[in-house]
Amino acid sequence: MVLKWLEIAVRVRPGDVDAAGGLFDLIGTGGVVIEDPALIYEVIAGGNRETVAMDLPGSIGELPVVKGYLPVDERLAGRLEEFRAALGGIDPEYPPLVSLEELEDGSWLARWRELYRPVKIGRKFVVRPAWGKDDVEEGLLEIRLDPGLAFGCGTHPTTAMCMVLLEEVIRGGERVLDVGTGSGILAIAAARLGAAMVLAVDSDPLAVRVAWENVAANGVEDIVSVREGDLLDGVEVAADVVVVNIVADAIIKVAPQAMDRLGRGGLLIVSGVISHRRDEVAAALRKCGLTMVKTLEEGEWAGFLCCRPAAV
């Protein structure tokens, strides 16, 4: 049981809030808290003071702060190193300011859960909290998700882009690899769409446990298996579709592995690429022999659908 948590607070320029929040999501924090004085004053000015359940900031000119939480365990140092490296790439000219504070419990998670509501993603999915009782629109594929102690609700734009692309490519009967599964949402989505077999992999043992619990809660454990591993090392499964929703450096590293495990005509979906690294990641994917089929962009993020040519 996790007894301590590290609060990571990042002060950024207003235009970098989404990018910083996305990096928290990609390293597996339990959602993010955004404290934006300008936004709070805007809400109040619009006559909605009752929606603001916090003390007012001291000055409207203060920069926004984005906060995320990680368990204090043996993986913390590596996660922080990964986060700092990715964060430095958001705005090299104006590096974000980072502060750290240890907390004794995860009471913040209970407060965050109160705000977690069903979200429609793409044309087919609705993602809802496992503890919710809201009605689901007829015809949608429901995913019930408990983010657990260290993983978000899976509705960040990078995840949504992967789900939209999965909607396009899963026709039924595919073998799918989900790399960096986190909460397991993409593995569950593939199973819901009709994949015959899904292997979800994550290097974090906590992620593996959370993903497996979500797989079981959604009744797809006969299709989805979850294992601990470093990217695709040791995974010998031949796949029709590989989906990777992680940071740019990891995508570049895993691309040759994904290429090797895809059959001819197989598809690779990647997301988690911050905009200023889009061309670099795209070049790395092409270098592996993959053909770019489609690019999606939302805010600061990009996602790609790639194909292993039939002749390769």
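The rules behind each value
- Residues numbered from 1 in each chain as written.
- Predicted model: local features only at pLDDT ≥ 70, side-chain atom pairs only at ≥ 80, totals over all residues.
- Heavy atoms only, no water.
- Helix = DSSP H or I, 4+ residues; strand = E, 2+ residues; numbered from the N terminus.
- Buried < 20%, exposed > 50% of the residue type's maximum accessible area, 1.4 Å probe, protein only.
- Contact = heavy atoms within 4.5 Å.
- Axes fitted to C-alpha atoms, helices over the stretch in contact; angles between N-to-C directions.
- Parallel < 35°, antiparallel > 145°, perpendicular 65-115°, else oblique.
- Left-handed = near helix turned anticlockwise from the far one by under 90°.
- Nonpolar A, V, L, I, M, F, W, Y, C, P; charged D, E, K, R; others polar.
- Phe/Tyr/Trp six-rings, centres within 6.5 Å; stacked < 30°, edge-to-face > 60°.
- Pairing = 2+ DSSP bridges.
- Core = buried A, V, L, I, M, F, W, Y, C linked by side-chain atoms within 4.5 Å.
- pLDDT = per-residue confidence, 0-100.

**Student:** Any details on the overall build of the protein chain? Residues and values, ideally.
**Tutor:** The helix and strand inventory of the protein chain stands at nine helices and 14 strands. In the protein chain, which comprises 312 residues, the share counted as buried stands at 51%. When contacts within the protein chain are restricted to residue pairs at least 6 apart in sequence, long-range pairs at least 24 apart make up 69% of them.

**Student:** Account for the packing of helix α1 (residues 17–26) against helix α3 (residues 76–87), naming residues and giving values.
**Tutor:** Between α1 and α3, the shortest axis-to-axis distance is 10 Å and the interhelical angle comes to 155 degrees. Here α3 runs roughly antiparallel to α1, going by the angle between their axes. Crossing of α1 against α3: the hand is right-handed. Packed against α1, whose contacting residues are Ala20, Leu23 and Phe24, the element α3 presents Phe83, Ala86 and Leu87 at the interface. A breakdown of the residues in the contact of α1 with α3 according to their chemical character gives six nonpolar, no polar and no charged.

**Student:** Describe the packing of aromatic side chains, and please don't skip the residues or the numbers.
**Tutor:** In the structure shown here, the tally under the stated rule is one aromatic pair. Residues Phe24 and Phe83 carry aromatic rings whose centres are separated by 4.7 Å and whose planes lie at 35 degrees to one another, so their mutual orientation is tilted. Here Phe24 is found in helix α1, whereas its partner Phe83 is found in helix α3, with 59 residues between them in sequence. There is no split in this pair, since Phe24 and Phe83 are both buried.

**Student:** Which residues make up the sheet that holds strand β3 (residues 65–71), and what are the values?
**Tutor:** Sheet architecture is open: four strands sit in the order β2-β3-β1-β4, paired in antiparallel fashion. Looking along the sheet, the strands with just one partner apiece sit at the ends: β2 (33–35) and β4 (97–103). Strand after strand, the sheet turns through a mean of 25 degrees between neighbouring axes, direction not considered. Here strand β1 (residues 5–11) runs beside β4; their pairing, made up of seven bridges, is antiparallel. Following the sheet pairing, Val10 is matched in β4 by Val98.

**Student:** Talk me through the side chain of Arg277; I want residue IDs and the actual numbers.
**Tutor:** On the secondary structure map, Arg277 appears in the loop between β12 (262–274) and α9 (278–287). The residues contacting Arg277, other than those within four sequence positions of it, are Ala248, Asp249 and Ile252.

**Student:** Before we move on, can you summarise the environment of Phe83 with the specific residues and values?
**Tutor:** The exposure class of Phe83 is buried, given its relative accessible area of 2%. Here the alpha-carbon distance between Phe83 and Val247, two residues 164 residues apart in the chain, equals 9.5 Å. If near-sequence neighbours (up to four positions away) are discounted, Phe83 is found in contact with Ile8, Val10, Leu23, Phe24 and Ile27.

**Student:** So, the nonpolar core: which residues are in play, and what are the values?
**Tutor:** Soluble globular proteins tend to bury their nonpolar side chains together. Counting 89 residues, the largest nonpolar core has Ile143, Met163, Val242, Val244, Leu268, Ile269 and Leu285 as its most contacted members. Top element by residues in this core is helix α6 (residues 185–193). It accounts for eight residues. With sequence-adjacent residues up to four places away left out, Leu268 is seen in contact with Val242, Val244, Ala258, Leu262, Leu285, Leu290, Phe304, Leu305 and Cys306.

**Student:** Can you lay out the confidence of the model for the protein chain for me, pointing to particular residues and giving the numbers?
**Tutor:** In the predicted model, the protein chain carries a mean pLDDT of 80, and the fraction of residues at 70 or more is 78%. Confidence over residues 39–61 falls short of pLDDT 50; this stretch has 18 contacts with residues more than four positions distant or in other chains.

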